[in-house]
Amino acid sequence: MFRHTIIIITMPHSIMRNLFYFLLLNLVIFQFGGVVSASQVHCFFIFGDSLVDNGNNNYLNTTAKVNYSPYGIDFPAGPTGRFTNGRNTADFLAELLEIDEPLPPYAIATDWDKVNGVNFGSGGAGILDESGQHFGDVLTMSDQVSNHEAILRDASEKVGIKLSLQHLSNCTYYVGMGSNDYLGNYLPKYYASTTQYTPEQFASLAIAQYSKHLRRLYKNGGRKVAVNGLGRLGCVPQQTAKYPVSPLTGCVETSNAAVDIFNEKLKKLIKSLNLLPDARFLYVSEITDNPSYGNITVVGKPCCEVSEDSLGHCVEGSTPCSNRDEYYFWDSFHPTEAAASLSAKIIYDAMAPLLQTTTAAAATPLVDIA
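Since this is a predicted model, take the numbers as computed values, not measurements.

**Notes on the overall build of the protein**
Point 1. Check the secondary structure of the protein and you find eleven helices and six strands.
Point 2. Within the protein, the fraction of its 370 residues that count as buried is 55%.
Point 3. Sequence separation of at least 24 residues holds for 73% of the intrachain contacts in the protein that already meet a minimum separation of 6.
Point 4. Per element, the accessible surface of the protein, about 16,900 Å² overall, is 55% carbon and sulfur.

Have a look at this one:
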């Protein structure tokens, strides 16, 4: 008869915790245990505004909050803080990347989530800190990068900076920011920026700040970063209801022209960022020369009854249109689930260069890029 000897090893809680994180990060990096083992990415992080926010603003003192009906009418969990009737762009991107579930909002993310990927998005947020301030508290681009920084800092305390940076360098990032710098700052004249700056000057101001944010993200491990250009903001219902539109396009073309200046400068910024060691920044856009909207036939007005204030949100408790899959806009600013699905597919296709097989090579050390 054989006797089995069981040896129990005890160690301080702090050591056990650090060992857990070490094993966790090694699993993520070397065994493809990132967001999910079958996904196309090791881990995935999302930065942005209300087009991707999936609940972060629920925990802020802000009027940019939509955790009420009819928002979420087509989402299994009901109103969650998503600025649409169902899934948003972030949700569809996760699905296309074969991630099992939507990325959790950073506000309620667990330690495991923070290693694998979270959604930092915040409705009303902008590249410039002052954009969206009239909403109250929002997580600006600077705030979102700081939250990502906190993930790196916490991981570094547990497993060291080298392993933490190596992990983040294998992650894929999506950044969609800038709409509120125009819709919530420059174009609606909430601030003095419209009178202080020409469209060229304002675009330069926003891009200069964007450069600082993206370089800070690079400094803290971000290497594979898709940056979305701005859409045709002059076509959103809030704009077309307030300003003169072109008889040819039905859009406010002066607003679109201002956005075009920003996008051209953003393309140049992306080229300059790719001069950094190991950087793989990518400009993506949901705008096509010949857009195909599928079943969408109503592109100029919102599906729900909207408030008359500057928010342009759906009136709480109101009944939206029944043919939601035929509408492009849900409220005065945001697309329906149907439109978000189309946009996400275009963005996903454009992200293909970032989805090639990545090795677990050591990340480039921190460098001074200020």
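Anyway, onward from the coordinates.
**Let's talk about helix H2 (residues 89-96)**
The α-helix advances 3.6 residues per turn, and as a result positions three or four apart in sequence lie on the same side.
Point 1. Of all eight residues in H2, six are buried, a share of seventy percent or more.
Point 2. Contacts made by the buried residues of H2 are with strand E1 (44-48), strand E2 (172-176) and helix H11 (337-350).
Point 3. N-cap assignment for H2: the residue whose side-chain oxygen lies 3.1 Å from the backbone N of Ala 90 is Asn 88.
Point 4. Positive backbone phi, at 65 degrees, marks Glu 98, one or two positions downstream of H2.

**With respect to the pairing of E2**
Point 1. With five of its five residues buried, E2 lies for the most part within the structure.
Point 2. Neither face of E2 is left uncovered, since the one carrying Thr 172, Tyr 174 and Gly 176 and the one carrying Tyr 173 and Val 175 both have all their residues buried.
Point 3. In this sheet, E2 lies alongside E1 in parallel orientation, the contact comprising five bridges. Among the inter-strand pairings, Phe 47 is bridged to a residue of E2, identified as Val 175.

**Here's the deal with unusual backbone geometry**
Point 1. Of the consecutive residues Ser 69 and Pro 70, the connecting peptide bond is found in the cis state with omega at 10 degrees.
Point 2. The topology assignment puts Pro 70 in the loop between E1 and H2.
Point 3. Of note in the backbone geometry, Glu 98 takes a positive phi value of approximately 65 degrees without being a glycine.
Point 4. Inspection of the secondary structure puts Glu 98 in the loop between H2 and helix H3 (111-116).
Point 5. Phi at Asp 278 takes a positive value of approximately 65 degrees, unusual for a residue other than glycine.
Point 6. Mapped onto the secondary structure, Asp 278 falls in the loop between helix H10 (253-273) and strand E4 (280-284).

**A few points about the sheet that holds E4**
Point 1. If you walk across this open sheet you meet the four strands as E1-E2-E3-E4, and the pairing is parallel. Every interior strand has two partners, whereas the edge strands, E1 and E4, have only one. On average, adjacent strands in this sheet sit at an angle of 15 degrees to one another, irrespective of strand direction.
Point 2. Across the sheet, H10 touches strand E3 (224-228) and E4, and the angle it forms with E4 is around 165 degrees.

**Considering the state of the cysteines**
Point 1. Enumeration according to the criterion identifies four disulfides in this entry.
Point 2. Between the sulfur atoms of Cys 235 and its disulfide partner Cys 251 the distance amounts to 2.1 Å. Linking Cys 235 and Cys 251, the disulfide has an S-S dihedral of approximately 105 degrees and is accordingly described as right-handed. Of this pair, Cys 235 sits in the loop between E3 and helix H9 (237-242) while Cys 251 sits in the loop between H9 and H10, and the two are 16 residues apart along the sequence.
Point 3. What makes Cys 251 buried here is its relative accessible area of 7%.
Point 4. With a sulfur-sulfur separation of 2.0 Å, Cys 303 is cross-linked through a disulfide to Cys 321. Sign of the S-S torsion, about -105 degrees for the bond between Cys 303 and Cys 321, identifies this disulfide as left-handed. Of this pair, Cys 303 sits in the loop between strand E5 (298-302) and strand E6 (327-329) while Cys 321 sits in the loop between E5 and E6; the two residues are 18 residues apart in sequence, bridging distant segments of the chain. Exposure class is identical for Cys 303 and Cys 321. Each is buried.
Point 5. Disulfide connectivity for the protein, with bonded cysteines indexed by sequence position, reads 1-2, 3-4, 5-8, 6-7.

What counts and how
- Residues numbered from 1 in each chain as written.
- Predicted model: local features only at pLDDT ≥ 70, side-chain atom pairs only at ≥ 80, totals over all residues.
- Heavy atoms only, no water.
- Helix = DSSP H or I, 4+ residues; strand = E, 2+ residues; numbered from the N terminus.
- Buried < 20%, exposed > 50% of the residue type's maximum accessible area, 1.4 Å probe, protein only.
- Contact = heavy atoms within 4.5 Å.
- Areas by Shrake-Rupley, 256 points an atom, 1.4 Å probe, with all protein chains shown as cover.
- Polar contact = N/O pair within 3.5 Å; in protein donor to acceptor, adjacent residues only side chain to side chain.
- Pairing = 2+ DSSP bridges.
- Axes fitted to C-alpha atoms, helices over the stretch in contact; angles between N-to-C directions.
- Disulfide = S-S within 2.5 Å.

Shape descriptors only; they carry no functional weight alone.
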